[in-house]
Amino acid sequence: MNIDIDSFLETVASEVKDKDVPVVDLIAVQTRDPFKVLVATILSARTKDETTARASKKLFKRAPDRKALRLLTEDQIAKLIYPVGFYKNKAAYLTKLPAALEQFGEEVPDTIEELITLPGVGRKTANLVVSVAFGKPAICVDTHVHRILNIWNYVETDTPLKTEMALREKLPERHWIAINSLLVAFGQSICRPVSPHCDICNLADKCPRNGVKPRKIPGSKRNIDQPLRFISWNVNGIRALEKKGFRDIVVDLDPDIIGIQETKAQPDQLSEELKNIPGYTSYWHSAKKKGYSGVAFYTRLKPVAIHTGLGNEEFDSEGRVLTLEFKTYYLINIYFPNSGDKLKRLDFKLRFNDTLLAFALKLGEKKDVILCGDFNVAHKEIDLKNPKNNIKHAGFTPEERHWMDSFIEAGFTDTFRIYNQEPEQYSWWSYRFNARAKNIGWRIDYFCVDESARKKVADAAILQEVTGSDHCPVQLEYLPR
Ligand code: SF4
């Protein structure tokens, strides 16, 4: 089905007319200053608009222009822009920006080719600056633009860069400048990355809804035949993710239980809001060492018991395992050790793995067993982008993969591969080299089940559109009866 893009964008414009304008557009309208637009755009990457707005305001008060920015140290900039995502990296970029602008006569350049030579400026930022600050035709492809245009089947692309190239061929130029702000506002409010609000969307009758699982209509009761939704997510620091909207993400994801890993926090370091998301009870197992490892559950199902750790102090002091026991099944949340630099912790990891396997098999004698978490291993070549280059690296060593073989031989199933045999299905991407945008990743987060739980699996998926961590969540739908 071909959509009528003029009519779709017109509907979107009317849907978002009362919504907040994306912060970068707002700064452009308020200041008409390309320098401020450029700086705010750098700050806005992987950061909520409210946080970008607050950080920009603080920074522009001290450094309203290039000359004033040059007088600030990297440390001062970092303090001013905290807590935007990757504030240390962004502070380093902004420290170098005044000198980098010298080659352009101390002005912000107005072409994509020139802008991408500046520190911290990728193609998306450059397109945004060209269109918003200079009003020149450019197509900025934010993750919302890429995602929504694929939902509409207007493009069929797997990276934002390919979407930009497809739009340059196909999208009438009159829409180039506006499409980013429209679809960002629409993606933040209605066509949200997880559980879009199709029930209130004026495009619902015409939208192809490619790959979409709409939200449960608020207030509706779960059907008894409807599977439970379990989610697992390595959050890479729950306190940092809280600032990026963790609570809203959980509400959107609408899980019955979410297990998180790498919380990097003790319970006394958590805000009451974080511990008490409405409708959920949370349970935590933290490492003794502060800011390290840690797992937790949020559940709206009441467990009959909670089991902390593996009963082995060597491993339990690192806060790696937490188990919820229900009437017919156990759900084990695990943060497997990383083998580390030069594989220094490979032996520790293999001992942990064997202890964990024995623990799961023992539980399996009583009830069904589901395991979820960051296994810190890509099992097969299909599970990472560059298998040949990583044979000797943590997470893809023969020893770790061999353990995964033995885990599967012991009767456990990697649920994602029941439904999906495709390559390039990843759950973790390095923060470096723009790896997520290029989909250079690894699949190291799993839901696995034992033989008796296998019959009750209804679906499994990777939720790649959910951002906020270097991992994305993975999901299992499960019918316990
Ligand atoms: S109908 Fe649903 S998927 Fe389609 S645009 Fe609206 S919210 Fe997005």
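Procedures and definitions
- Residues numbered from 1 in each chain as written.
- Predicted model: local features only at pLDDT ≥ 70, side-chain atom pairs only at ≥ 80, totals over all residues.
- Helix = DSSP H or I, 4+ residues; strand = E, 2+ residues; numbered from the N terminus.
- Rg over C-alpha atoms; globule rule 2.2 N^0.38 Å.
- Buried ≥ 20, exposed ≤ 12 C-beta atoms within 10 Å, placed from the backbone.
- Contact = placed C-beta atoms within 7 Å.
- Domains from an automatic or database assignment.
- Nonpolar A, V, L, I, M, F, W, Y, C, P; charged D, E, K, R; others polar.
- Pairing = 2+ DSSP bridges.
- Axes fitted to C-alpha atoms, helices over the stretch in contact; angles between N-to-C directions.
- Core = buried A, V, L, I, M, F, W, Y, C linked by C-beta atoms within 7 Å.

**Student:** Looking at this model, I keep getting lost on the overall build of the protein chain. Mind explaining?
**Tutor:** From N to C terminus, the protein chain includes 20 helices and 14 strands. Relative to the globule expectation of 23 Å for 481 residues, the C-alpha radius of gyration of the protein chain, 23 Å, shows essentially globular dimensions. In terms of its C-alpha atoms, the protein chain occupies a principal-axis envelope of roughly 70 × 55 × 45 Å. Classification of the 481 residues of the protein chain by burial places 40% in the buried group. Of the contacts made within the protein chain by residues no fewer than 6 positions apart, 65% connect residues no fewer than 24 positions apart.

**Student:** For this particular structure, what's the right way to read the domain arrangement of the protein chain?
**Tutor:** Interface size is often expressed as the accessible area that is lost when the parts come together. Examined at the domain level, the protein chain breaks down into domain 1 (5-189) and domain 2 (228-478). Just the C-alpha atoms count here: the centres of domain 1 and domain 2 sit 33 Å apart. Tallying the contact residues gives 11 residues for domain 1 and 9 residues for domain 2. Across the side of domain 1 that touches domain 2, the residue classes tally to 2 nonpolar, 5 polar and 4 charged.

**Student:** Explain the sheet that holds strand β7 (residues 329-335) here, please?
**Tutor:** Backbone-to-backbone hydrogen bonds join strands into a sheet, with any given pair of strands oriented parallel or antiparallel. Read from one edge of the open sheet, 6 strands run β5-β6-β7-β8-β12-β9, paired in mixed fashion. What marks the edges here is a single partner per strand, and that holds for β5 (305-308) and β9 (413-414). Note that strand β6 (residues 321-325) and β7 share 5 bridges and pair antiparallel. What sits directly across from T323, in β7, is I332. Sitting on the sheet, helix α17 (residues 346-364) touches β6, β7 and β8 (368-374), and the angle it makes with β8 is about 150 degrees.

**Student:** Quick question: what am I supposed to make of helix α3 (residues 34-44) here?
**Tutor:** What sets the pattern is the α-helix's 3.6 residues per turn: residues three or four places apart point alike. Most of α3 is tucked away, with 10 of its 11 residues classed as buried. Within α3, the full set of buried residues consists of F35, K36, V37, L38, V39, A40, T41, I42, L43 and S44. Its buried side turned inward, α3 meets α2 (23-31), α4 (49-62), α5 (66-70), α6 (74-81), α7 (87-101) and α9 (123-134). Just downstream of α3, R46 is the residue with a positive phi angle, here 55 degrees.

**Student:** Teacher, can you tell me more about the sheet that holds strand β1 (residues 228-234) here?
**Tutor:** Across the sheet, 6 strands lie side by side as β3-β4-β2-β1-β14-β13; this open sheet has mixed pairing. Looking along the sheet, the strands with just one partner apiece sit at the ends: β3 (281-285) and β13 (457-462). Neighbour-to-neighbour, the strand axes of this sheet turn through a mean angle of 15 degrees, independent of strand direction. Here strand β2 (residues 257-261) pairs with strand β4 (residues 295-299) via 5 bridges, running antiparallel. Bridged to I257 within β4 is T299.

**Student:** I keep staring at the nonpolar core and nothing clicks. Help me out?
**Tutor:** The nonpolar side chains of soluble globular proteins are, as a tendency, buried together. If you look at the biggest cluster of nonpolar residues, it comprises 62 residues, and the most contacted ones within it are F230, L331, I332, V369, I370, L371 and F447. Looking at which element gives the most residues to this core, the answer is β7, with 6 residues. Those residues within four positions of F447 in sequence are excluded, and the remaining contacts are F230, S232, I370, C372, T415, A460, V474 and L476. With 57 residues, the next largest nonpolar core counts L38, A63, L69 and F186 among its residues.

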